Amino acid sequence: MEKIYKITLRIHRYDPDIERSWIQEYRVDAGRILRFVDLFRKINDEQDPSLTWNSSCEHGQCGSCAVRINGKPMLSCELLVENAVAYFNTTLFDIEPLTIAPVVRDLVVDIEKAYEKVNRAKPYIIAPKPAAEKAAEYCITPQELEKYVAATRCINCFCCAEACISSPKAFLGPNALLASIVRVMDPREQEKTDRLALLYSDQGVRRCHTSKACSFVCPKEIDVAYFIALAKSGRFDPNP
Amino acid sequence: MNRALQTSATLLCDLLIIGAGGAGMRCAAEVLGKRPNSRVIALTKVPHPQKSHTSTAQGGLASVDPADPADKIIYHMFDTWKGSDCMADQNVVKKICEAAWEQVIWLENRGMHFSRNQDGKLSKRTFGGHTLNFGERSAFRAVFEADRTGKGIMDTAWGESMKQGVSFLNQSIAAELLFSDDQCVGAMVFLQKEGKFARILSRATVLATGGSGQVFKVTTNCRQNTGDGLAIALQAGLPILDPEAVQFHPTGIVGPGILASETLRSVGGILRNKDLEPFMEHYAPKMKDLAPRDLVSRAIETEIRQGRGVLNPDHHIEHVWIDLRHLSQKVHEEQIPEVSGFFKQYVNLDARTELCPVRPSNHYHMGGIPTNLSGQVLNSSQNPVPGLYAVGECAAASFHGFNRLGTNSILELITMGKFVGESVLEFLKEAPQKPAEASAVKTFSRFSEYLEGRGTDSIGQIRDALRTLMTANVGVFRTESGISEAIGALKELNERAQKVSLSNKSLAMNQELMQRWEMDALLAVSMVIARAALARKESRGAHFREDFPERRDEFNHHTLASMTVFGDVALARRTVDMSVFNAGGAHHENFNLIERKY
């Protein structure tokens, strides 16, 4: 059944060459199962090739296409027109870039800057414990893995950081903390001191206001706030 | 606007990696692990390495566990050889299959979160074409991290290379390889975000740019997989191996192309056409919907071509249905919840009560920049190009031949990534401390042309026409007349593309400018695919010629396609390595020219 929605997108634009920002309105006729990335492409192909936006995998695995849609940080590859109209109860959408990093052009932000916080949390094993047998895997039971496996699903789309109500300047942010918490919980990691120092530093978990906005907006449905709460409870801290 | 483009900076390094996906990062980690003070620069077109296409791989990674009493490396080698339709190079198959488990342990020991069995060891599952005892029964050979194995590999390889100090240049492209006396000495790079050109002089250079799926209208590939690595190799006068070997998965979801797993058919899903007729019984009376991937893809395409497809009004893509409505609630909930979730997410329908739209979707390019066992790029005379390596989907040492088995792609990128790293380390021992000087020849003139175009055509429309054309004429089905028509049409599209005017002439983060550059890559890759497909008058693996439906012995050779001027393609041959068969050891007869029948 063919159904056409008359969609209006008010897209926040920025031109770095003249350092000018403005809001540009585009009207698009869209079928029910087009995604917002499809609408951006349609605008490029049919109306305005200069509109710039980011995406990569376009099926919710890479997180490149996160933007704010009517104020809510979301992956534009996952939002279907039909669902957007139902969810926001409108055909008018404000599309803005995330605020967690400086805008490069239009909807593209300098995600490297945002990643600096993730990098500080060292998203890898710092000091791996030797496996019991040489050239073999570690033994990790499914029950043990289950305790932290949800946190490994983070794709660093920064929707959680965007929604977070704590001051982004003073706070590392939910996804960066999650990267560290995964390794604190990972039995293969021997280095806990530096990690705990970071988690309980003045930019760490105690800055969290427990609004749970991170869990609410996570496109991978990770309960980010739960993991931060584990850390806040002092559970990992040998000297609380 | 007429302005002089210029080089803003020259950077020096020991190793330049073009493409920071799984293969490139595994290579970087190997080099830095053994030679910690190396200066390694990794370039990626995506905003961050973690956004690479490797992250989207789902199913698993094939490797024979030495502790498994039932499985043997020679079985994995046989499956890969048979799957390749006798076109893989056997020395490569042997080397990769033998190295597999060690690389799994490498990943695990560095923190990949593999799924576990009750003993705490790595879980294993079966995958199509992977068998025990030369086809006797299914092998439990694929280790996995839930349905996000590629993400685990990407995160681990990225983490390791970052830990060891790789410098990343994100959102950047290599516009041209630089040479000095036939040795590769780096690349001319365009930094998109800054809108600047930089010359990177490097002692060794690795191409790891990934696939080229965007050549086709429906693809499982990322938006950025436009065959850039193949295009810059062609531009440098290097050949492409087996460009005609392109794999299609039968059931991509309309329209994003996300895979609807084979599981749907194995649990009883039925493919139906416009009239709701279960058409597979006409094509494979016994196996029906459970027939192999390529056969099902051809059946679906035939239905669509004969007017029994359904046109999706939103994506303007023709498809058939997969019917899952008759399956029990238990099957829906326990066996296919994730794929059902994809239909809900991307088509907004309930697979328990509604028909689900699917069609063949481009998935993987078996062909690529030819390399030897160590990942050194081979020129038209099949000699290694000093200082240049290729790895991952853009490369072809020929592990997959003409058809890739599921779970073998990420195995290849992780093992070959290591081998290329080793090879680079050897090279760095001998190469001069400072890379030779060289300047770009074509970059500025090409970019000036892009900025000065005066036509009225749109890049989006040309790209759409190209992708539609390639899907219809050089996709699942190929015929002499169809391919010839495509070659003519590609020339026209190329002429149109050369005239396109950009609405935004800025250099900084100009998506339109990048798409214009990508357009040239798509056109070049399409042309070599088409020309190689035209010359191969047989059907083999994923390459199916309706006018030559059988495999023919006279084509038991790889294709090498070169093209420095658009449309001017030179074709040559490379012998398929059959060293395992020729060695005459135990079971060697299985490595002869066998029939691919399941």
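Residues numbered from 1 in each chain as written. Chains lettered and ligands numbered in written order. Predicted model: local features only at pLDDT ≥ 70, side-chain atom pairs only at ≥ 80, totals over all residues. Heavy atoms only, no water.

## Structural notes on the overall build of chain A
- Helices and strands together make up the secondary structure of chain A, namely 9 helices and 7 strands.
- Burial analysis of chain A (240 residues in total) assigns 60% to the buried set.
- A separation threshold of at least 6 residues defines the contact pool for chain A, and within that pool the share at least 24 residues apart is 64%.
- With an accessible surface of roughly 10,300 Å², chain A has 50% of that area assigned to carbon and sulfur atoms.
- Averaging the locations of the 32 positively and 32 negatively charged side chains of chain A gives two centres separated by 4 Å. (Helix = DSSP H or I, 4+ residues; strand = E, 2+ residues; numbered from the N terminus. Buried < 20%, exposed > 50% of the residue type's maximum accessible area, 1.4 Å probe, protein only. Contact = heavy atoms within 4.5 Å. Areas by Shrake-Rupley, 256 points an atom, 1.4 Å probe, with all protein chains shown as cover. Lys, Arg positive; Asp, Glu negative; His and termini not counted. Charge placed at Lys NZ, Arg CZ, Asp CG, Glu CD.)

## Observations regarding helix H1 (residues 22-34) of chain B
Residue and element names in this part refer to chain B.
- In this model, H1 (13 residues) spans 19 Å end to end at C-alpha, consistent with the 18 Å of a helix rising 1.5 Å per residue.
- The buried fraction of H1 is high, at 11 of 13 residues.
- Those residues of H1 lying buried are Gly22, Ala23, Gly24, Met25, Arg26, Cys27, Ala28, Ala29, Glu30, Val31 and Leu32. (Expected span 1.5 Å × (residues − 1).)

## Description of unusual backbone geometry
Residue and element names in this part refer to chain B.
- One non-glycine residue, Asp181, lies in positive phi territory at about 50°.
- Tracing the backbone shows Asp181 in the loop between strand E9 (172-180) and strand E10 (183-191).
- Of the residues examined, Asp181 reaches a relative accessible area of 74% and is grouped as exposed.
- Phi is positive for Thr407, close to 75°, though the residue is something other than glycine.
- Mapped onto the secondary structure, Thr407 falls in the loop between strand E21 (395-396) and helix H11 (408-430).
- Overall, Thr407 belongs to the buried group, its relative accessible area being 6%.

## Quick notes on the packing of helix H3 (residues 90-109) of chain B against H11(B)
All names here are of chain B.
- Relative orientation of the contacting elements H3 and H11 amounts to 90°, with a least axis distance of 9 Å. Taken together, the axis directions place H3 and H11 in an arrangement best described as roughly perpendicular. Contact with H3, carried on its side by Lys95, Ile96, Ala99, Ala100, Glu102, Gln103 and Leu107, involves Leu411, Glu412, Ile414, Thr415, Met416, Lys418 and Phe419 of H11 and no other residues of that element.
- Looking at the contact of H3 with H11 residue by residue, the classes come out as 8 nonpolar, 2 polar and 4 charged. (Axes fitted to C-alpha atoms, helices over the stretch in contact; angles between N-to-C directions. Parallel < 35°, antiparallel > 145°, perpendicular 65-115°, else oblique. Nonpolar A, V, L, I, M, F, W, Y, C, P; charged D, E, K, R; others polar.)

## Observations regarding the sheet that holds strand E5 (residues 92-96) of chain A
Residues and elements named next belong to chain A.
- What the 5 strands build is an open sheet, ordered E2-E1-E5-E3-E4; its pairing is mixed. The sheet terminates laterally at strand E2 (20-31) and strand E4 (72-75), the two strands that pair on one side only. Strand-to-strand twist in this sheet, taken as the mean axis angle between neighbours without regard to direction, amounts to 35°.
- As paired elements, strand E1 (residues 4-15) and E5 share 4 bridges and run parallel to each other. Its bridge partner being in E5, Arg10 is matched across the sheet by Asp94. (Pairing = 2+ DSSP bridges.)

## Quick look at the side chain of A:Asn156
- By the secondary structure assignment, A:Asn156 is in the loop between helix H4 (142-146) and helix H5 (159-163).
- Note on A:Asn156: relative accessible area 5%, which makes it buried.
- Of the polar contacts made by the side chain of A:Asn156, one reaches the side chain of A:Asn175; its length is 3.0 Å.
- A distance of 2.9 Å separates the side chain of A:Asn156 from the side chain of B:Gln50, its partner in a polar contact.
- For A:Asn156, the contacting residues outside a window of four places in its chain are A:Tyr115, A:Val118, A:Asn175, B:Gln50 and B:Lys51. (Polar contact = N/O pair within 3.5 Å; in protein donor to acceptor, adjacent residues only side chain to side chain.)

## Observations concerning the side chain of B:His76
- Along the chain, B:His76 turns up in helix H2 (residues 73-83).
- Non-local contacts of B:His76, meaning those with residues more than four positions away in its chain, are made with B:Ala62, B:Ser63, B:Val64, B:Cys97, B:His130, B:Arg141, B:Asn408 and B:Leu411.

## A look at the state of the cysteines
All names here are of chain A.
- Using the criterion set out here, one finds 0 disulfides over all chains in the structure.
- A disulfide-free cysteine, Cys159 has its sulfur positioned 3.6 Å from the sulfur of Cys157, the nearest such atom.
- This cysteine, Cys160, is not joined by any disulfide, and Cys154 carries the nearest cysteine sulfur, 6.1 Å off. (Disulfide = S-S within 2.5 Å.)

## Focus on the interface of chain B and chain A
- Contacts between the two partners involve 61 residues from chain B, matched on the other side by 71 residues from chain A.
- Summing both partners gives a buried area of about 5,500 Å² for chain B against chain A, and 49% of it is carried by carbon and sulfur.
- Looking at the side of chain B facing chain A, the largest losses of area belong to B:Lys51, B:His113 and B:Tyr346, adding up to 12% of the total buried there.
- Put simply, chain B and chain A have 5 salt bridges between them.
- The closest approach of N and O atoms between A:Arg188 and B:Glu108, which form a salt bridge, is 3.2 Å.
- For the interface between chain B and chain A, the tally reads 45 residue pairs in polar contact (both at pLDDT 80 or more).
- Contributions of two or more residues to the side of chain B that touches chain A are made by H3, helix H4 (149-163), helix H10 (337-347), helix H13 (459-473) and helix H15 (511-535) of chain B. (Buried area = accessible area lost by both parts, 1.4 Å probe. Salt bridge = Lys/Arg side-chain N within 4 Å of Asp/Glu carboxyl O.)

## Digging into the pattern of salt bridges
- This structure, assessed with the given rule, holds 68 salt bridges over all chains.
- Here A:Arg41 makes a salt bridge to A:Glu58, at a shortest N to O gap of 2.7 Å. With A:Arg41 in helix H1 (residues 36-46) and A:Glu58 in the loop between H1 and strand E3 (66-69), this residue pair connects regions lying 17 residues apart in the sequence.
- Take A:Glu58: its relative accessible area is 10%, and that puts it in the buried class.
- Where B:Glu160 meets B:Arg110, a salt bridge forms, and the shortest distance between an N and an O atom there is 3.7 Å. A residue pair is termed long-range when its members are at least 10 positions apart, and B:Glu160 in helix H4 and B:Arg110 in the loop between H3 and strand E4 (124-125) qualify at 50 residues.
- According to the relative accessible area criterion, B:Arg110 is partly exposed, its value standing at 28%.
- Overlapping salt bridges bring together A:Arg183, A:Asp186, A:Arg188, B:Glu108 and B:Arg116 as one network.

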